[in-house]
Amino acid sequence: QVQVVEFGGGLVQPGGSLRLSCAASGSIFRINAMGWYRQATGKQRELVASITRSGSSNYVDSVKGRFTISRDNAKNTVYLQMNSLTPEGTAVYYCNVGATLLGSMRPYSYWGQGTQVTVAS
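If you're wondering where the values come from, they're calculated on a predicted model, not measured in any experiment.

Along its length, the protein chain carries zero helices and 11 strands. For the protein chain, the C-alpha radius of gyration of 14 Å lies close to 14 Å, the compact-globule estimate for 121 residues. Dimensions of the protein chain along its principal axes, counting C-alpha atoms only, are 50 × 25 × 25 Å. Here the protein chain, with 121 residues, has 39% of them falling under the buried criterion. A total accessible area of about 6400 Å² is found for the protein chain, and carbon and sulfur atoms account for 50% of it. Looking at the protein chain, you have 11 positive and 5 negative side-chain charges, and the mean spots of the two groups are 7 Å apart.

Along the chain, Glu6 turns up in strand β1 (residues 2-7). Despite its burial, Glu6 remains without a salt bridge, the nearest opposite charge being carried by Arg45 at 7.7 Å. Within the structure, Glu6 has its side chain in polar contact with the backbone nitrogen of Cys95 (distance 2.8 Å). In terms of polar contacts, Glu6 uses its side chain to reach the backbone amide nitrogen of Gln113, at 3.1 Å. Glu6 has contacts with Ser21, Cys22, Trp36, Tyr93, Tyr94, Cys95, Gly112, Gln113, Gly114 and Thr115, leaving out every residue within four places of it along the chain.

For the rest of this paragraph, the subject is the packing of aromatic side chains. Tallying each qualifying case throughout the model produces one aromatic pair. Sitting above the plane of the Trp111 ring, Arg45 keeps its charged end 4.7 Å from the centroid.

Our focus in this paragraph is the sheet that holds β1. In spatial order, the strands read β1-β3-β8-β7; together these four strands make up an open sheet with antiparallel pairing. One side of each edge strand has no neighbouring strand; the edge strands of this open sheet are β1 and β7 (67-72). Each strand of the sheet is rotated relative to its neighbour by a mean of 15°, with strand direction disregarded. Alignment of strand β3 (residues 18-26) against strand β8 (residues 77-82), held across six bridges, turns out to be antiparallel. By the bridge assignment for β8, Arg19 is matched with Gln81.

The rules behind each value
Residues numbered from 1 in each chain as written. Predicted model: local features only at pLDDT ≥ 70, side-chain atom pairs only at ≥ 80, totals over all residues. Heavy atoms only, no water. Helix = DSSP H or I, 4+ residues; strand = E, 2+ residues; numbered from the N terminus. Rg over C-alpha atoms; globule rule 2.2 N^0.38 Å. Buried < 20%, exposed > 50% of the residue type's maximum accessible area, 1.4 Å probe, protein only. Areas by Shrake-Rupley, 256 points an atom, 1.4 Å probe, with all protein chains shown as cover. Lys, Arg positive; Asp, Glu negative; His and termini not counted. Charge placed at Lys NZ, Arg CZ, Asp CG, Glu CD. Salt bridge = Lys/Arg side-chain N within 4 Å of Asp/Glu carboxyl O. Polar contact = N/O pair within 3.5 Å; in protein donor to acceptor, adjacent residues only side chain to side chain. Contact = heavy atoms within 4.5 Å. Phe/Tyr/Trp six-rings, centres within 6.5 Å; stacked < 30°, edge-to-face > 60°. Lys NZ or Arg CZ within 6 Å of the ring centre and 35° of its normal. Pairing = 2+ DSSP bridges. Axes fitted to C-alpha atoms, helices over the stretch in contact; angles between N-to-C directions.

Put into C-alpha coordinates, the structure is as follows:
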(Lines give C-alpha, C1' and ligand atoms only; values in the text may rest on other atoms or scores of the structure.)
Protein backbone atom coordinates (compact mmCIF):
# COMPACT_ATOMS: atom_id res chain seq x y z
CA GLN A 1 0.00 0.00 0.00
CA VAL A 2 0.90 3.67 -0.19
CA GLN A 3 0.87 6.21 2.61
CA VAL A 4 0.49 9.87 1.73
CA VAL A 5 1.16 12.49 4.39
CA GLU A 6 0.86 16.27 4.11
CA PHE A 7 2.76 18.84 6.15
CA GLY A 8 2.80 22.59 6.45
CA GLY A 9 -0.71 23.85 6.92
CA GLY A 10 -1.61 26.50 9.45
CA LEU A 11 -2.84 30.02 10.02
CA VAL A 12 -1.45 32.83 7.90
CA GLN A 13 -2.40 36.46 7.41
CA PRO A 14 -3.68 37.72 4.07
CA GLY A 15 -0.76 38.42 1.81
CA GLY A 16 1.37 35.85 3.56
CA SER A 17 2.97 32.63 2.36
CA LEU A 18 2.89 28.96 3.25
CA ARG A 19 4.67 25.94 1.85
CA LEU A 20 2.92 22.59 1.86
CA SER A 21 4.78 19.33 1.53
CA CYS A 22 3.50 15.87 0.77
CA ALA A 23 5.47 12.66 1.02
CA ALA A 24 4.44 9.28 -0.36
CA SER A 25 5.86 6.04 0.99
CA GLY A 26 5.24 2.33 0.75
CA SER A 27 5.64 -0.37 -1.87
CA ILE A 28 5.99 2.11 -4.70
CA PHE A 29 7.36 1.22 -8.08
CA ARG A 30 6.71 4.52 -9.76
CA ILE A 31 4.88 7.75 -9.03
CA ASN A 32 3.26 9.43 -11.98
CA ALA A 33 1.26 12.65 -11.58
CA MET A 34 1.04 14.37 -8.22
CA GLY A 35 -1.36 17.11 -7.29
CA TRP A 36 -2.87 19.36 -4.68
CA TYR A 37 -6.61 19.75 -4.21
CA ARG A 38 -8.52 21.87 -1.76
CA GLN A 39 -11.97 21.85 -0.28
CA ALA A 40 -13.47 24.86 1.42
CA THR A 41 -16.41 24.51 3.78
CA GLY A 42 -19.60 23.96 1.82
CA LYS A 43 -17.80 23.67 -1.51
CA GLN A 44 -16.67 20.89 -3.76
CA ARG A 45 -13.09 19.71 -3.80
CA GLU A 46 -11.15 21.40 -6.59
CA LEU A 47 -7.82 20.79 -8.24
CA VAL A 48 -5.36 23.54 -7.33
CA ALA A 49 -2.24 22.35 -9.13
CA SER A 50 -0.79 19.22 -10.63
CA ILE A 51 2.61 18.14 -11.89
CA THR A 52 3.71 15.28 -14.08
CA ARG A 53 6.73 13.13 -13.44
CA SER A 54 8.68 15.12 -16.00
CA GLY A 55 7.78 18.40 -14.30
CA SER A 56 4.98 19.81 -16.44
CA SER A 57 2.58 21.70 -14.21
CA ASN A 58 -0.99 22.93 -14.37
CA TYR A 59 -2.84 25.41 -12.15
CA VAL A 60 -6.38 26.53 -11.54
CA ASP A 61 -6.78 30.09 -12.82
CA SER A 62 -7.34 31.58 -9.37
CA VAL A 63 -3.83 30.69 -8.17
CA LYS A 64 -1.77 31.27 -11.30
CA GLY A 65 1.16 33.53 -10.60
CA ARG A 66 0.89 33.03 -6.83
CA PHE A 67 1.27 29.29 -6.26
CA THR A 68 4.09 27.06 -7.45
CA ILE A 69 4.03 23.28 -7.47
CA SER A 70 7.25 21.29 -7.56
CA ARG A 71 8.39 17.75 -6.84
CA ASP A 72 11.41 15.72 -5.86
CA ASN A 73 11.16 12.34 -7.56
CA ALA A 74 13.98 10.86 -5.49
CA LYS A 75 12.04 11.63 -2.31
CA ASN A 76 8.54 10.89 -3.66
CA THR A 77 7.61 14.35 -2.46
CA VAL A 78 5.55 17.17 -3.89
CA TYR A 79 5.48 20.76 -2.67
CA LEU A 80 3.10 23.66 -3.01
CA GLN A 81 4.50 27.14 -2.42
CA MET A 82 1.62 29.51 -1.80
CA ASN A 83 2.29 33.25 -1.92
CA SER A 84 0.02 36.27 -1.66
CA LEU A 85 -2.62 34.22 0.08
CA THR A 86 -6.15 35.56 0.33
CA PRO A 87 -9.01 34.50 2.62
CA GLU A 88 -10.43 32.61 -0.36
CA GLY A 89 -7.52 30.23 0.06
CA THR A 90 -8.90 28.96 3.35
CA ALA A 91 -9.57 25.28 2.89
CA VAL A 92 -8.38 21.80 3.65
CA TYR A 93 -5.63 20.99 1.18
CA TYR A 94 -5.27 17.40 0.03
CA CYS A 95 -2.38 15.73 -1.72
CA ASN A 96 -3.10 13.23 -4.47
CA VAL A 97 -0.57 10.77 -5.81
CA GLY A 98 -0.85 8.51 -8.81
CA ALA A 99 1.34 5.53 -8.07
CA THR A 100 2.09 2.11 -9.46
CA LEU A 101 2.92 -0.42 -6.79
CA LEU A 102 5.67 -2.98 -6.93
CA GLY A 103 4.41 -6.05 -8.79
CA SER A 104 1.48 -4.17 -10.31
CA MET A 105 0.90 -3.04 -13.85
CA ARG A 106 -1.65 -0.28 -13.25
CA PRO A 107 -1.53 2.99 -11.33
CA TYR A 108 -3.91 3.85 -8.52
CA SER A 109 -4.83 7.16 -6.95
CA TYR A 110 -3.94 7.78 -3.31
CA TRP A 111 -4.99 10.63 -1.04
CA GLY A 112 -3.53 12.20 2.05
CA GLN A 113 -5.58 13.04 5.10
CA GLY A 114 -5.55 16.76 4.36
CA THR A 115 -4.03 19.77 6.06
CA GLN A 116 -5.93 22.88 7.08
CA VAL A 117 -4.90 26.24 5.68
CA THR A 118 -6.58 29.27 7.19
CA VAL A 119 -5.98 32.75 5.82
CA ALA A 120 -7.20 35.38 8.27
CA SER A 121 -6.01 38.52 10.01
